[in-house]
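Structural overview for review
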Amino acid sequence: MRVAMFEPEIAGNVGAVMRLCACLGARVDLIEPMGFKWGDRRVRRAAMDYIDHVEVVRHADFEAFYETLGKGRLVLFTTKATQSAYDYAYRPDDVLLFGKESAGVPGHVVEASDVKVRLPMRAQVRSLNVATSAAIALAEALRQTGTLPR
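In short, a report on the structure. All figures in this text were calculated on a predicted structure; none of them were measured in a lab. Per chain, residue numbering runs from 1 following the sequence as it is written. Totals for whole chains, interfaces and linings use all residues, but because this is a predicted model, local features are given only for residues with pLDDT of at least 70 and pairs of side-chain atoms are given and counted only at 80 or more. In computing side-chain values, all of the structure's heavy atoms are included and hydrogens and water are not.

This next bit is on the pattern of salt bridges. Any two side chains of opposite charge can pair, on the condition that their charged atoms come close. The working definition used for a salt bridge is a side-chain nitrogen of Lys or Arg within 4 Å of a carboxyl oxygen of Asp or Glu. Taken as a whole and assessed by the stated rule, the structure comprises 8 salt bridges. A salt bridge links Arg2 to Asp29; the shortest N-O distance between them is 2.8 Å. With a gap of 27 residues between them, Arg2 in strand β1 (residues 2-6) and Asp29 in strand β2 (residues 27-31) connect regions that are remote in the sequence. For the pair formed by Arg2 and Asp29, the shared burial category is buried. Close ionic contact of Lys100 with Glu7 constitutes a salt bridge, the shortest N to O distance being 2.9 Å. With a gap of 93 residues between them, Lys100 in the loop between β5 (95-98) and α4 (107-112) and Glu7 in the loop between β1 and α1 (11-24) connect regions that are remote in the sequence. Here's how the labels work: a residue is buried when its accessible area is under 20% of the maximum for its type, exposed when over 50%, partly exposed in between, all with a 1.4 Å probe on protein chains only. A relative accessible area of 18% places Glu7 in the buried class. Where salt bridges share partners, they join Arg2, Arg27, Asp29 and Glu55 into one cluster. Where helices and strands are cited, they refer to DSSP runs of H or I of at least four residues and of E of at least two residues respectively, numbered from the N terminus.

Our next topic: the packing of α1 against helix α5 (residues 130-145). Axes here refer to lines fitted to C-alpha atoms; in helices the fit is confined to the stretch in contact. Angles between the N-to-C directions go from 0 to 180 degrees. The interhelical angle for the contact between α1 and α5, taken along N-to-C directions, is 20 degrees, at an axis separation of 9 Å. For the element pair α1 / α5, the angle class is roughly parallel. Regarding α1 and α5, the two cross each other, and that crossing is right-handed. Of the residues in α5, those touching α1 at Asn13, Ala16, Val17, Leu20, Cys21 and Leu24 are Val130, Ala131, Ala134, Ala135, Leu138 and Leu142. When the residues that make up the contact of α1 with α5 are grouped by side-chain class, the tally is 11 nonpolar, 1 polar and no charged. With respect to orientation, any angle under 35 degrees is reported as roughly parallel, any angle over 145 as roughly antiparallel, any angle of 65 to 115 as roughly perpendicular, and every other angle as oblique. The handedness criterion is simple: a crossing whose near helix is rotated anticlockwise from the far helix by less than a right angle is left-handed, and one whose near helix is rotated clockwise is right-handed. Contact between two residues is taken to exist if any of their heavy atoms lie within 4.5 Å; hydrogens are not considered. In this count, Pro and Cys sit with the nonpolar residues alongside Ala, Val, Leu, Ile, Met, Phe, Trp and Tyr, while Asp, Glu, Lys and Arg are called charged and the others, Gly among them, polar.

Here it is in structure tokens:
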């Protein structure tokens, strides 16, 4: 299973997702450009020493990332979807995609996605933090596929 971040803007969120994926055994795909320099100390501060236990692959742009999907399905998490992320049947080769913090993903990325799902939340609020969303989504996907670490 892979977690992909489309043009992430906040170094701390990337670090938190890296730590999450180190703990749960998923690869992280970072789709550039990013809103910070890769060597930003805030990435390491959030990822801590877990950074040494996660596979991170950086992609120059969405097209370069898309070429790496193989048979994996691209599962876009978006507040605009109608299907609940809990009603979707995940597979171990799925790639869970999260948009940039300020704007999500552009139309061509939405169109390239195999499925669009949302994390249900109260109507009075706009969205969850991207790292929190990734944690909820990855845990559910791994639970469904029987691949949660023991």
